[in-house]
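# Fold and contact review
Next come the chains, spelled out residue by residue.
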Amino acid sequence: MKLSKTNAARLLDKAGIGYDLIPYQVDEEHLDAGHVAEQLHEDIRQVFKTLVMRGDRSGVFVCIIPGDREVDLKAASKVSGNKSAAMIHLRELLETTGYIRGGCSPIGMKRTFPGYIDRTCQDFSHIYISAGVRGMQIRISPDDLIRFARLKVAPLTPDQSPEAE
């Protein structure tokens, strides 16, 4: 089956970065990472979700975290140089990034925003991120993603002390 390339995939091609496009069945009622992981038959800790945030000082920034976790707002604020941060409103997502909920990729947004990825990504040889549309994931090496998207690696989710591992 021929998969149509997304903008994110074309950008990776242009940069010469290896990845795989992996389709999955979309369920409009369940756009969460758990559903995606189940469809891919993969560990949910390897399926990363892209969260678009707004800091009180920096403005918009992006956090990429494992599908089974919630973002730690204090950690996200600190790493991004803000006193406080919150998710942007869903109605702002398309206008801000060019992507919709359930299809937001850290690659190929309308503008380049500062990006941070949870340090657990380095526990795996590959992770999954949205390809920029619902129903398609990109399987990529975390190091390649970090380099290409110029992400900073940081603890972004609660309970990431070394003892918690």
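Treat the numbers as computed from the prediction; the structure is a model and nothing was measured.

Another point: the environment of V60. Relative to the assigned elements, V60 resides in strand β3 (residues 59-66). A relative accessible area of 13% places V60 in the buried class. Placed 91 residues apart in sequence, V60 and L151 show a C-alpha to C-alpha distance of 14 Å. For V60, the residues in contact, after removing those within four places along its chain, are V52, M53, R54, T96, F113 and P114.

Okay, the environment of S4 next. With respect to the helices, strands and loops of the structure, S4 is situated in the segment before α1 (7-15). S4 gets classed as exposed once you look at its relative accessible area, which sits at 60%. Filtering out sequence-adjacent residues up to four positions away, S4 remains in contact with L21 and M136.

Here we take up the nonpolar core. Judged by nonpolar contacts, the single largest core of 30 residues is most densely connected at I117, I127, I129, I138, I140 and L145. When residues of this core are traced back to their parent elements, those giving at least two are α1, β2 (48-55), β3, β6 (127-130), β7 (136-140) and α5 (142-149). Excluding its chain neighbours within four sequence positions, the residues that come into contact with I129 are F48, S105, P106, I107, Q137, I138, I140 and L145. The next biggest cluster of nonpolar side chains, apart from the first, holds 11 residues, and it includes A76, A85, Y116 and L156.

All right, on to the pattern of salt bridges then. The final tally for this structure, using the stated rule, is 6 salt bridges. A salt bridge links R54 to E92; the nearest nitrogen and oxygen atoms lie 3.0 Å apart. With a gap of 38 residues between them, R54 in strand β2 and E92 in helix α4 (residues 90-97) connect regions that are remote in the sequence. A residue is classified by how much of its surface remains accessible, and R54, at 35% relative accessible area, is partly exposed. D144 is the partner of R147 in a salt bridge, and the nearest nitrogen-oxygen pair spans 2.5 Å. Placement of both R147 and D144 in helix α5 is noted, with a separation of 3 residues, approximately one turn of the helix. Look at R147 and you get exposed, because its relative accessible area is 57%.

What counts, and where the lines are drawn
- Residues numbered from 1 in each chain as written.
- Predicted model: local features only at pLDDT ≥ 70, side-chain atom pairs only at ≥ 80, totals over all residues.
- Heavy atoms only, no water.
- Helix = DSSP H or I, 4+ residues; strand = E, 2+ residues; numbered from the N terminus.
- Buried < 20%, exposed > 50% of the residue type's maximum accessible area, 1.4 Å probe, protein only.
- Contact = heavy atoms within 4.5 Å.
- Core = buried A, V, L, I, M, F, W, Y, C linked by side-chain atoms within 4.5 Å.
- Salt bridge = Lys/Arg side-chain N within 4 Å of Asp/Glu carboxyl O.

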